[in-house]
Every structure is written in C-alpha cells, then in structure tokens.
Amino acid sequence: MEAYIRGIGNISPQHSWDNILFPGEVVRYEGNRLKCIEPDYKAYIKPIQMRRMGRILKMGVSAAGKCLRDASVDMPDAIIMGTGLGMQSDTEKFLTAILDNDEKFLTPTSFIQSTHNTVGAHIAVMLKCNKYNFTYVNDNLSFEGALLDSMMRLSDDPSEKILLAGIDEITDSYFTITKNAGFWKEDIPDNLGLLNHAGSGSIAGEGASFFIVTGEAHPDNYARFAGIDSFYKPESDKEIDDFITAFLAKRNLSLDDIDLVITGINGDPGWDSGYFRLQDTLFKGKTLAYYKHLCGEYYTSSSFASWLAAGILKTQSCPEAILLNNSKVNKPLRNILIYNHLRNTNHALILLSAC
Amino acid sequence: MEELIQKLKEEIIEVLNLEEMEPGEIDPDAPLFGEGLGLDSIDALELIVLLEKNYGIKIEDPKDGRKIFFSLRTMAEYITEHQK
C-alpha cells in the first residue's frame, strides 16, 4: 500500500507557494499566531467565482489548482480531504446571523458554505468532477484519515490520481476562545523561539497542503507515502515504543532505516515531554526535527510536515531551521518518519520514503 | 426613486459580495440575472432576504421574483409600491 506524490500545492505561514523549501530565511512571526501567506487569488480564481468564497475556500481552490497543474492532471479520480474545523469562518457567520436576526432573515451563502466538506465539494464543482469525494473530520487525525483512504484506494487501483489534502484556517473567534482555554502561549516573542519559551501552550497556525497521489512510479514523483497508522491515548511509554517499532516492522523496517524523524513538538512542555523522552530512548542517535514553529499548531499540521518531508526526500536536503539540537543529517535520505500527537490523545505515524 | 436605486446598489454590492464593483458601474435598467450583472439562483435568494430584512416586504409567490428582480429599477418600483 503506497502512494507516490506526483504533484504539490501548498499554502502555509512560510513561503511555500512556490514549492521550494524555505528560500532564504524562514518567516518570523511576532506573538502566538501564524497566518498563511496567501497568493494573489485573482490570478487563479475568476472574480465571479471568488466573490462568495471564504478565505479557506480560496486557499483550498487555488492550492488544489496549483497541485493539479504541478502533476499535469486535469481531472482527479477522487478528491479526499482532511480538515479539523472545515469552513469555520462561514459557520461562525451563519451562527452569528441566527443570533443577530433572531433566527430570521437567514441568507443561503454562509449556510451552504458552513459544512466541513465545502472545500472538496467546491473543487469538484469547479472541475466538474463527479467522482469519489470525501472529507474526513477527525480532530488531529483528519489528514491521516484522508491519507489512509487514498492509500487504500490506490491499493485497489494504482492508476488512480487522487487529490489529497489537509486544510484548516484559524479565525479570530476560534483563536480567542482557544486562547482563553489556554491553548496558546502568552507573551512569546516569536515563533522561532518556540522551544525557548517555558510557558504552557503552543502557537496557533493554519495551512492548506494538497497532493496528487498515485500508485504509479514516475521520474517526476516527489516521494511516496509508505505507511500511516494511529493509536489512541497510550497508557504507558512502552505502548508508544511498541507501536512505533511494530509500525516499522510491518513495513520491513527498523529505526536503523529511518534517516529523519519529524516530531510534532509544539512548545507545550506538558505534551512535549513524550517526544523528549523518545529523543533519549527509542530515537536516541536519530536525526530529529520539528516543524510547528514554522506552521503553528492546527488539526491538519501533519499535512504540512508531509509536504516538508516530500521536499526533503526530493531535494535530498534538509532545512537547518527544522533540526533539533543541531542534529547531523546523514545522506542519502531514504525514509522519514513523522510522529505527531495532540495533547497525548490521538497519536499518528506517517512514513514517507524516497522514490 | 433615484435615491432608492442608489441605496439598493450599495446594499446589493454588500450582500452579494460584489467587492470589485462600484455603485456607478451598475446600470439600473440592465438585467440582474443572465446577461448584465450575471447573478444566479443563490443571489436571488439573497435578494429575497434583503427585501424582507431591509424593507419589510415578503414575496409570497416565487413566480413574481422574475418580474421584481429583472433590474434594479424594477426592484425599486416594487419596493416603492409595497413598502408599508
């Protein structure tokens, strides 16, 4: 069960639109919230189509278009999305209108666009694609669900070209509510100092990572998804260690075969301790990296990590900005393991390998 | 009437997210749907809500919509005739 990455379209708080791994410096953000650097949408979406689109929809539609062009695919065989929050801004707009207007005078646009599957559906309408279309909404395993579905489809028919994505936006009200709940660090100077800040919480982020995946090898492929699995609320360190070891063994690999481990370290000391334990035990001696100082914490951040890993495997170069403790990078880079969890509840492993 | 048409232009630009347009660009006699402004069925629903919310006019028979929403001027005439 493998999925080769043929095309990429990425919008993130970094300069990822041109699909180059951090040209020049990584982008520094003051405070605890990272917002996407958005392209000029007018170049990609007709004004008449754009006028009803919320921000996340514009991000999704333009990143999907970029991804399809990158892969030279006109019509995908399936559109499979993962999102934690979906069309959050339109949902808020609709709910606010209900309250403000005493449940009267409700207009259709924000209602139509308040469902989680709006982005996938809108892409399908624009492409006139009436094939398989599914959106997974499973907290921080949303992208993982979409990836698993894509890989299962490709094991049935490797010739398919699937548009796979992880997408989430952070709105002002969501940010405020989660800030009050203690999700985000107070008084953090900037994102690049994430690990130097001892306070609890992380930094908020967002992004849209699109991939065309297929079961067919091709010289233009970036990398391949070679495995995905998840586990829930581990009760002991041993359970985590055993799961990671078994995940690799199922793919005839051991930790010796992993050239880089990208962890979901998000700056919250309470939750990061699990990663740091692994750094000194199971992952001891491995080249370790983290990525949430670049994109922030959000439900589908593992899709950003996947974009990062695909770029690293394709270019055989690893940006220094992601390395932990000045880890040394050994080449060739063949296998990258992404290990991410959110508040020690849903844990996920994604394996990417060079083509 | 002209004052009402000007007000409608501004409201339509806001409600239908026609951010790229200026009120002066909308011809009050041009068709709102199809040719002219090129609005669609979702816009029609937005306009029905606009009439009810801003002018207290409820369109009972959807068939009347075609005539009422032909142009900005027909909308303004209908509002003038039916506003309580």
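Treat the numbers as computed from the prediction; the structure is a model and nothing was measured.

Is there a simple way to think about a nonpolar patch on the surface in this case?
A contiguous nonpolar patch, built from Met1, Leu148 and Met152 of chain A and spanning about 270 Å² of accessible area, is present on the exposed surface. Looking at the secondary structure, you find Met152 of chain A in helix α6 (residues 142-156).

Sorry if this is basic, but what is going on with the environment of Thr171 of chain A here?
Residues and elements named next belong to chain A. Looking at where Thr171 falls in the secondary structure, it is placed in the loop between β4 (161-168) and α7 (172-180). Its relative accessible area of 7% is what places Thr171 among the buried residues. C-alpha separation for the pair Thr171 and Lys331, spaced 160 residues apart in sequence, amounts to 40 Å. Other than its neighbours up to four places away in sequence, Thr171 contacts Arg33, Gln88, Ser89 and Glu92. Looking at Thr171, its side chain comes within polar contact range of the main-chain nitrogen of Tyr174, at 3.2 Å.

I tried to follow the pattern of salt bridges on my own but got confused; where do I start?
Side-chain pairing between opposite charges can occur once the charged atoms of the two side chains come close. All names here are of chain A. For the coordinates displayed, the defined rule picks out 22 salt bridges over all chains. One salt bridge connects Asp77 with Lys131, and the closest N-O pair in it is separated by 3.5 Å. On the criterion of sequence distance, the pair formed by Asp77 in the loop between α2 (55-71) and β2 (78-82) and Lys131 in the loop between α5 (118-127) and β3 (132-136) is long-range, its members being 54 residues apart. Note on Asp77: relative accessible area 21%, which makes it partly exposed. The network of salt bridges with common partners includes Glu38, Arg55, Glu169 and Glu206.

I tried to follow the layout of surface pockets on my own but got confused; where do I start?
A water-sized probe, rolled over the atoms, reveals where empty space remains. Estimates place the volume of the largest pocket at around 800 Å³. In terms of lining, the largest pocket is formed by 34 residues, of which the most central are Lys93 of chain A together with Glu14, Val15, Leu16 and Asn17 of chain B. For the lining of the largest pocket, the secondary-structure elements that each account for two or more residues are α1 (47-50), α3 (88-100) and α4 (108-112) of chain A together with α1 (2-15) and α2 (41-55) of chain B. In terms of residue count, the dominant contributor to the lining of the largest pocket is α2 of chain B (6 residues).

Could you clarify how one ought to interpret the domain arrangement of chain A in this entry?
The figure often quoted for interface size is the accessible area lost as the parts come together. Residue and element names in this part refer to chain A. When the domains of chain A are assigned, the result is domain 1 (3-214) and domain 2 (224-353). The partner domain 2 presents 45 residues to the 54 residues of domain 1 that form the contact. The largest contributions to the domain 1 side of the interface with domain 2 come from Leu21, Asn140 and Leu195, which together make up 18% of the buried area. Where domain 1 touches domain 2, the interface holds 0 salt bridges. Our count for the contact surface shared by domain 1 and domain 2 stands at 14 residue pairs in polar contact (both at pLDDT 80 or more). Elements supplying a minimum of two residues to the side of domain 1 that touches domain 2: β1 (3-11), α6, β4 and β5 (207-214). If one sorts the elements of the side of domain 1 that touches domain 2 by residue count, α6 sits on top with 6 residues.

I'm lost on unusual backbone geometry in this one. Help?
In terms of backbone geometry, most residues other than glycine have negative phi values and most peptide bonds are trans. All names here are of chain A. Cis geometry marks the peptide bond from Lys331 to Pro332, where omega comes out at 5°. Relative to the helices and strands, Pro332 is located in the loop between α11 (301-315) and β9 (335-342). With a phi angle near 55°, Lys128 is a residue other than glycine that sits in the positive phi range. Within the fold, Lys128 resides in the loop between α5 and β3. On the accessibility criterion, Lys128 (71% relative accessible area) is exposed. Located in the positive-phi region is Asp139, a residue other than glycine, with phi close to 55°.

Got a minute to help me understand the pairing of β1 of chain A in this structure?
The two faces of the sheet receive side chains in turn, since in a regular strand these alternate between them. Residue and element names in this part refer to chain A. Along β1, 9 of the 9 residues are buried, which leaves the element largely enclosed by surrounding structure. Inspection of the sheet shows β1 paired to β5 by 7 bridges, in the antiparallel sense. Paired with Gly9 across the bridge in β5 is Phe210.

Explain the pairing of β2 of chain A here, please?
Residue and element names in this part refer to chain A. Of all the 5 residues making up β2, 5 are buried; the element is thus mostly covered by neighbouring parts of the structure. Where burial is concerned, the two faces of β2 agree: the one with Ala78, Ile80 and Gly82 and the one with Ile79 and Met81 are both buried. Summarising the sheet, β2 and β3 pair through 5 bridges and their orientation is parallel. For Gly82, the partnering residue across the bridge sits in β3 and is Tyr136. Sheet topology places β2 next to β4; 5 bridges connect them, and they run parallel.

Please clarify how the environment of Leu85 of chain A should be interpreted in this entry.
Residue and element names in this part refer to chain A. As for its placement among the helices and strands, Leu85 is situated in the loop between β2 and α3. In this structure, the C-alpha to C-alpha distance between Leu85 and Asp168, residues 83 residues apart in sequence, is 6.2 Å. Beyond its immediate chain neighbours, meaning those up to four positions away, Leu85 contacts His116, Asp168, Glu169, Tyr174 and Tyr299.

When you look at α7 of chain A in this model, what are you seeing that I'm missing?
Three or four residues apart is the spacing at which side chains of an α-helix point the same way, because the helix has 3.6 residues per turn. Residue and element names in this part refer to chain A. Turning to α7, its buried residues are Tyr174, Phe175 and Thr178. The arc that holds every buried residue of α7, seen down its axis, measures 100°, which confines them to one face. Of the residues in α7, the exposed ones pointing more than 90 degrees away from the buried face are Asp172, Ile177 and Asn180. Looking at the buried side of α7, the elements it contacts are α3. Phi for Gly182, located one or two positions after α7, is positive at around 85°.

Cut-offs applied
- Residues numbered from 1 in each chain as written.
- Chains lettered and ligands numbered in written order.
- Predicted model: local features only at pLDDT ≥ 70, side-chain atom pairs only at ≥ 80, totals over all residues.
- Heavy atoms only, no water.
- Patch = residues over 30% accessible without salt bridge, like charges linked within 9 Å, V, L, I, M, F, W, Y side chains within 5 Å.
- Areas by Shrake-Rupley, 256 points an atom, 1.4 Å probe, with all protein chains shown as cover.
- Salt bridge = Lys/Arg side-chain N within 4 Å of Asp/Glu carboxyl O.
- Helix = DSSP H or I, 4+ residues; strand = E, 2+ residues; numbered from the N terminus.
- Buried < 20%, exposed > 50% of the residue type's maximum accessible area, 1.4 Å probe, protein only.
- Contact = heavy atoms within 4.5 Å.
- Polar contact = N/O pair within 3.5 Å; in protein donor to acceptor, adjacent residues only side chain to side chain.
- 1 Å grid on protein atoms, 1.4 Å probe; cavity = no way out; pocket = protein on both sides within 12 Å on 5 of 7 lines; lining within 4 Å.
- Points joined across faces, edges and corners; volume = space filled by probe spheres on them.
- Domains from an automatic or database assignment.
- Buried area = accessible area lost by both parts, 1.4 Å probe.
- Pairing = 2+ DSSP bridges.
- Arc of directions from axis to C-beta.

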